[in-house]
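Listed below are the residues making up each chain.
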Amino acid sequence: MITTIITDDIASYAAQLIGEQLRAKPKSVLGLATGSTPISVYDRLIEMVQCDTLSFKNVVTFNLDEYHPIQAEDPQSYMSFMREHLFDHIDIDKMNIHIPNGMVPAEDVADFAIQYEKAIGDAGGIDLQVLGIGSNGHIAFNEPPSEFDSRTRYVSLTDQTIADNARFFERREDVPIHAITMGIGTILAARRILMLATGPTKAMAIKNAIEGSVSTACPASALQLHRAVTVVIDANAAALLMPVTAVLEADETNLGIQDEHHIWW
Ligand code: F6R
């Protein structure tokens, strides 16, 4: 089931939801995303930790992905991103942080990926997975047409993703073209999923993910197969969704809209 929340303050909503998870289960296993979208959410979580209303002391984290090859210390690595935007400002035990190793030799990536999956399993599985969404519908770096049972692996990034990521780099040729990413199957195994999106460039991907057919052409549409997904988006990202009345009418006339799709404005 997908519950869609449309709000102009995704940070407060998402941080509240993550906070509830950590208070209910202090040893939660969190799946985390990088990218511009979760930054304001991480800011809010940092505030909560600094005000002593939240603790990551016993939390275990697994990040979705990392560029390859890239040194952890490289300012463009997702490790650096996570340190800058979250880990260096909260009370997390550094031993509990897991991010795919961007320097694992190419011939060892398959073994590394198996170990990453095993580490998630050994930690008890992901309780809450935070996701962004690419303008092409990717989740983590599962580009179209990634299989829904895919697991952690080495991937090539699409031209669209490379173009989207170029804003973080001085020169387009510096943008990494490969990554290690959790698979869609890895993501779907999380007990609960929180997907975030803002801005008009995400509107079509959000429409395809929530209302489109379940297809590898839109990797995020796999979320329709999961039983506990909350999508938190702003009005721009929601712009192409059907109005709630259309959803209700379609349900009544049995036009094939999933009746478990709830939408809240
Ligand atoms: C990041 C990740 C990507 C991003 C997506 C959206 O770890 O896995 O799927 O979530 O590319 O990125 P932003 O938020 O920068 O638009």
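Residues numbered from 1 in each chain as written. Predicted model: local features only at pLDDT ≥ 70, side-chain atom pairs only at ≥ 80, totals over all residues. Heavy atoms only, no water.

Draft legend 1. Here's a closer look at the overall build of the protein. The number of helices and strands found in the protein is eight helices and 11 strands. The C-alpha radius of gyration computed for the protein amounts to 18 Å, which stays within 12% of the reference 18 Å derived for 265 residues, consistent with globular compactness. If you line up the protein on its principal axes, its C-alpha atoms span 55 × 45 × 35 Å. For the protein, buried positions account for 53% of its 265 residues. Restricting to contacts in the protein with at least 6 residues of sequence separation, those with at least 24 account for 79%. (Helix = DSSP H or I, 4+ residues; strand = E, 2+ residues; numbered from the N terminus. Rg over C-alpha atoms; globule rule 2.2 N^0.38 Å. Buried < 20%, exposed > 50% of the residue type's maximum accessible area, 1.4 Å probe, protein only. Contact = heavy atoms within 4.5 Å.)

Draft legend 2. Region of the structure containing the environment of glutamate 170. Within the fold, glutamate 170 resides in the loop between α5 (159-165) and β8 (178-181). Here the alpha-carbon distance between glutamate 170 and phenylalanine 112, two residues 58 residues apart in the chain, equals 30 Å.

Draft legend 3. Region of the structure containing the environment of proline 69. The residue proline 69 is located in the loop between β4 (65-67) and α3 (78-85) in this model. Judged by relative accessible area, proline 69 falls into the exposed class, the value being 59%. Taking the C-alpha atoms as reference points, proline 69 and glutamine 115, 46 residues apart in sequence, are found 18 Å from one another. Setting aside residues no more than four positions away along its own chain, proline 69 makes contact with Gly102 and Met103.

Draft legend 4. Structural detail: the confidence of the model for the protein. Residues at a pLDDT of 70 or more form 92% of the protein, whose mean pLDDT is 92. Across residues 245-260 the pLDDT falls below 50, and counting only partners more than four positions away or on other chains, this stretch makes 12 contacts in the model. (pLDDT = per-residue confidence, 0-100.)

Draft legend 5. Spotlight on the site of the ligand. Not every one of the 14 residues close to the ligand is listed here, only the nearest: Thr37, Asp65, His138, Ala140 and Lys202. Contact distances for the ligand include 2.7 Å between an oxygen atom and a backbone N or O atom of alanine 140. The separation between an oxygen atom of the ligand and a polar side-chain atom of lysine 202 is 2.6 Å. Contact with the protein chains hides 93% of the accessible area of the ligand, taken as 400 Å² for the molecule alone. Its atoms largely coinciding with the cavity grid, the ligand occupies the largest pocket. (Near = heavy atom within 4 Å. Polar contact = N/O pair within 3.5 Å; in protein donor to acceptor, adjacent residues only side chain to side chain. Areas by Shrake-Rupley, 256 points an atom, 1.4 Å probe, with all protein chains shown as cover. 1 Å grid on protein atoms, 1.4 Å probe; cavity = no way out; pocket = protein on both sides within 12 Å on 5 of 7 lines; lining within 4 Å. Sits in = over half its atoms within 2 Å of the grid points.)

Draft legend 6. How the structure looks around the packing of aromatic side chains. Following the criterion strictly, the structure yields six aromatic pairs and no others. When the centroid spacing of 6.2 Å and the interplanar angle of 65° are considered together, the rings of tyrosine 67 and phenylalanine 169 count as edge-to-face. Of this pair, tyrosine 67 sits in strand β4 while phenylalanine 169 sits in the loop between α5 and β8, and the two are 102 residues apart along the sequence. Under the relative-accessibility criterion, phenylalanine 169 is labelled buried at 12%. Cluster of aromatic residues (ring-pair linked, three or more members): Tyr67, Tyr78, Phe141 and Phe169. (Phe/Tyr/Trp six-rings, centres within 6.5 Å; stacked < 30°, edge-to-face > 60°.)

Draft legend 7. Spotlight on the sheet that holds β8. Ordered in space as β4-β8-β7, the three strands form an open sheet in which the pairing is antiparallel. Of all the strands in the sheet, just β4 and β7 (153-156) have a single pairing partner and so form its edges. If you compare each strand with its neighbour and ignore which way they point, the axes differ by 25° on average. Of the strand pairs in this sheet, β7 and β8 are connected by four bridges, and their pairing is antiparallel. What sits directly across from valine 155, in β8, is alanine 179. (Pairing = 2+ DSSP bridges. Axes fitted to C-alpha atoms, helices over the stretch in contact; angles between N-to-C directions.)

Draft legend 8. Seen up close, the pattern of salt bridges. Inspection of the entire model under this criterion finds eight salt bridges. Note that aspartate 88 is salt-bridged to arginine 83, the shortest N-O span being 3.2 Å. In this structure aspartate 88 comes out as partly exposed when scored by relative accessible area, which is 38%. The closest approach of N and O atoms between lysine 118 and aspartate 122, which form a salt bridge, is 2.8 Å. Remark: aspartate 122 and lysine 118 occur in helix α4 (residues 109-122); sequence separation between them is four residues, near one turn of the helix. A relative accessible area of 56% places aspartate 122 in the exposed class. (Salt bridge = Lys/Arg side-chain N within 4 Å of Asp/Glu carboxyl O.)

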